[in-house]
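Take a look at the letters that make up each chain.
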Amino acid sequence: MKHKSFTYLFLGTVTLAGLTACANSNNANKDDKSGEDSYKITTVRWSDWGEDYHKGFLTDSAKEAGIEVKWDTLVAADWADKKSVLVASGDLPDAFLGSNAFTDSEIAQNQSLFIPLEDLIKENMPNLTKAMEKEPKIKAMITSPDGHIYSLPKKLPMRPTVANQLFINKKWLDNLGLKVPETYDDLVKVLQEFKDKDANGNGDASDEIPFGAGNFDPTFSYILPFNNRLGADNTYEMSVKDGKPVYLRTEESYKQGIAAMHESYKKGLIDPEIFTEDTSMSVAKRMDKGVARVGVSSGWTADATFGLHSSEYIALPALKGMDGKQYVFSDPDHYNYGRNEILITNKSKNPAKLLKWLDKLYTDEASIQNFYGSFGIATEKNGDKFKVLPPKDGKSADEWAWINSLRDFGPKYVSDDINSRVEIDQTQGDGLKLKMDQDLKQFALPAYPNVIYSQEELNKLSSIYVSIESYVKQQASKWVVEGGIEKEWDSYKETLKNMGLDEFMKIQQEAYNRYQKEVKE
C-alpha cells in the first residue's frame, strides 16, 4: 500500500472556486447524454495499471443493479491539470471515486458541485446505514460542520492496528553477540555497538549507519519511546493524551525526546545527513546493493524499507521508555477508514439508483474483491471465508491488487472479524504486516480522530500552520544537531503562541468536540 503524501495532487481551492460559477452555468445548458441508468464515474489512479480493476465484480454487480457504469480512468500525475479543465467546462461526471480526487478543502470550497447525500443514504443505502449505526465514528468522519454529508466512506479490510514501525538488523545483532533491545536505553547501547564495530562484517567498521531515515518521519521514529505518537499525514501532528487533543511539538514528551535524540546524534549514532538528505539518498543507503548499511530505521514492512536486505531485519518490540511504558504508531481512523470515496455531482439525474448499487459494495464479499480482485482472478470464496491468490506475471502482491481492484479507494466496509476469515501469504505485503501486528497492537493508544473542518477553519489552518510547521521543523533539526532545547523551550513556545498556536488549538479542539458529539448521538 502507498502511505505517502502526494502533494502534487493539490490544486489551490481559490483556483477551483473561481471555476465553480462557470461549471454551474454550463450545467444548465448541457444534456445528460448517458441517460438515467448510465453513469460516468471518474477515478484517479497512482499509476497506469490498465482497466482490469473494474472488470469482474464491479461490472457484474452494476449489471445486476440495472445500471451501466462508464469508467473514466485518469493517472494521478495528470489529474491536477485535468481537474481544472473539468470544473471549468462544467462537463462533470456523475460521480468521482477515490479520496485522491478532491481534498477536504476543495470539497468545502466547491460544495455547489456536489449534492448532499444524507437523505439519499437513509432511503437507498441500508448496508451503509447499518455500518454507521454499528460504528458511529464513520458517520462522524463524513458529516460536515454544516450537518450535511457530501461523500461516502470506507473501512478497509486486512488493515493493521499498528502503522509504521521500527526495524533492526538482526544479522548485525548476531554478528556482535547482542540481544534485541527491549528498552530505549538498550537501543542506545546497541546503536553504540553498531557504530564502534564492524556490524555488517564487510571489514570496514566505519560504513555502518546505526540509525537512519526510513519511510516515516525520522525524528518521530526516534523519539517514539517518549510517548510521541505521530499519526498519519495531514493530521497537523496532533495526538490525543488523557482524552484531550494535543499538538505533539509542544508536549514535554517531545522536549525530552529531542534532548535524548541530540545526545545520540552527538555520539554519532544517528546519520549526520538525516535532516539534509532527500528520499533518494536515504533509500540508496538502506538498499545499498553491496551490503546492509543501516542498523535501525522505520517503515511499513521490512521488504518495503530495506529491499534486497530485508531478510536481515526484524521488527523491534515496543521499546519501554523512560516512564516504563511502551508505545507504537497507531492511527486506524486515518489508515483504515476514510471519507471522500464517492462524490456525487449535480450532473447526476438519478443519484438514488447509483447509490443503491454503491450500497452493495459495503459488504465483506464486495470489499475483499474491491481490495484484492474479483473471485476467480485474485481471490476465492469458500463459505464465509476468503483466500487471496498469489500474484501472477512476476508482480508483487501489492501491484497485483492495484491492477485487479480499486484497492485503497472506493466504498468498502468489513466486519470486525474479517482478518480471521481471510487466508493470505504472510511472507509479504498485507499478510506480513498483519502477522507483525499481533505482537504490537496491544500497545496502541487513541490517535487524533479523522475530524472534518469547515471551510473557514481550513482557511485559518492553512494560514497559521504553514508558518508553524516550518518553524518547528527547523528548530527540531537545530536542536538535534546542536542541542539547546531545554534552554530555548520557553521562548520556542512563546514564538509559537505569537504565530497563532492558540487559534490553531482552538480550531482543533472544536473539530474534536464536534466529532465526539456526532459519535455519541
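The name given to the protein chain in an unreviewed UniProt entry is Sugar ABC transporter substrate-binding protein, with Streptococcus mitis as the source organism.

**Q** Would you explain the overall build of the protein chain in this entry?
**A** Of regular secondary structure, the protein chain possesses 21 helices and 14 strands. Its C-alpha atoms give the protein chain a radius of gyration of 24 Å, within 12% of the compact-globule value 24 Å for 521 residues. Viewed in the frame of its principal axes, the protein chain has a C-alpha envelope of about 70 × 55 × 40 Å. In the protein chain, buried positions account for 55% of the 521 residues. Looking at the protein chain alone, contacts between residues at least 24 apart form 78% of all its contacts between residues at least 6 apart.

**Q** Is there a simple way to explain the confidence of the model for the protein chain in this structure?
**A** Detailed reading of the predicted coordinates is not advisable wherever pLDDT is low. For the protein chain, per-residue confidence averages 92 on the pLDDT scale, and 93% of positions sit at 70 or higher. Within the model, pLDDT remains below 50 along residues 1-15, and this stretch shows 36 contacts once partners closer than five positions in the same chain are excluded. Scored below 50 in pLDDT, residues 17-34 shows 31 contacts in the model against residues more than four places distant or in partner chains.

**Q** Sorry if this is basic, but what is going on with the sheet that holds strand E4 (residues 152-155) here?
**A** On the basis of which strands lie adjacent, the open sheet formed by 5 strands has the order E2-E1-E3-E11-E4 and mixed pairing. Taken across any chain shown, the strands that pair with only one partner, and hence form the sheet edges, are strand E2 (68-75) and E4. On average, each strand axis in the sheet is tilted by 30° relative to the strand beside it, whichever way the strands run. Direction of pairing for strand E1 (residues 38-45) relative to strand E3 (residues 95-97): parallel, over a ladder of 3 bridges. Directly across from Thr 43, in E3, lies its bridge partner Leu 97.

**Q** I'm lost on the pattern of salt bridges in this one. Help?
**A** For the coordinates displayed, the defined rule picks out 32 salt bridges. The shortest N-O distance in the salt bridge between Lys 137 and Asp 333 comes to 2.8 Å. With Lys 137 in helix H7 (residues 136-142) and Asp 333 in helix H14 (residues 332-335), this pair connects stretches of sequence that are 196 residues apart. Here the residues in one salt-bridge network are Arg 159, Asp 398, Arg 407 and Asp 430, joined through shared partners.

**Q** It is not clear to me how the domain arrangement of the protein chain should be interpreted in this structure. Could you clarify?
**A** Interfaces are often sized by the accessible area lost when the parts come together. Looking at the protein chain, the domain boundaries give domain 1 (38-157 + 335-413), domain 2 (162-333) and domain 3 (455-519). Each of domain 1 and domain 3 has a C-alpha centre, and the two are 34 Å apart. Across the contact, 11 residues belong to domain 1 and 6 residues belong to domain 3. Here domain 1 packs against domain 3, burying approximately 740 Å² in sum over the two surfaces, 63% of which is carbon and sulfur. Summed over the three residues of domain 1 that lose the most area to domain 3, namely Pro 136, Ala 140 and Pro 145, the buried surface amounts to 41% of that side. The interface formed by domain 1 and domain 3 contains 1 salt bridge. With its nearest N and O atoms 3.9 Å apart, the salt bridge here joins Lys 139 to Glu 518. For the pair domain 1 and domain 3, the interface holds 1 residue pair in polar contact (both at pLDDT 80 or more). Among the secondary structure elements, those contributing two or more residues to the side of domain 1 that touches domain 3 are helix H4 (104-109) and H7. No other element matches H7, which puts 5 residues into the side of domain 1 that touches domain 3.

**Q** Is there a simple way to think about helix H2 (residues 57-64) in this case?
**A** Along an α-helix, a turn takes 3.6 residues, which lines up residues three or four apart on a common side. Here H2 has its buried residues at Phe 57, Leu 58, Ser 61 and Ala 62. Buried residues of H2, viewed axially, fall in a sector of 125°; they line one side. Facing away from the buried side of H2 by more than 90 degrees, the exposed set consists of Lys 63 and Glu 64. Against the buried residues of H2 lie E2, helix H15 (351-359) and helix H16 (364-372).

Conventions and cut-offs
- Residues numbered from 1 in each chain as written.
- Predicted model: local features only at pLDDT ≥ 70, side-chain atom pairs only at ≥ 80, totals over all residues.
- Heavy atoms only, no water.
- Helix = DSSP H or I, 4+ residues; strand = E, 2+ residues; numbered from the N terminus.
- Rg over C-alpha atoms; globule rule 2.2 N^0.38 Å.
- Buried < 20%, exposed > 50% of the residue type's maximum accessible area, 1.4 Å probe, protein only.
- Contact = heavy atoms within 4.5 Å.
- pLDDT = per-residue confidence, 0-100.
- Pairing = 2+ DSSP bridges.
- Axes fitted to C-alpha atoms, helices over the stretch in contact; angles between N-to-C directions.
- Salt bridge = Lys/Arg side-chain N within 4 Å of Asp/Glu carboxyl O.
- Domains from an automatic or database assignment.
- Buried area = accessible area lost by both parts, 1.4 Å probe.
- Polar contact = N/O pair within 3.5 Å; in protein donor to acceptor, adjacent residues only side chain to side chain.
- Arc of directions from axis to C-beta.

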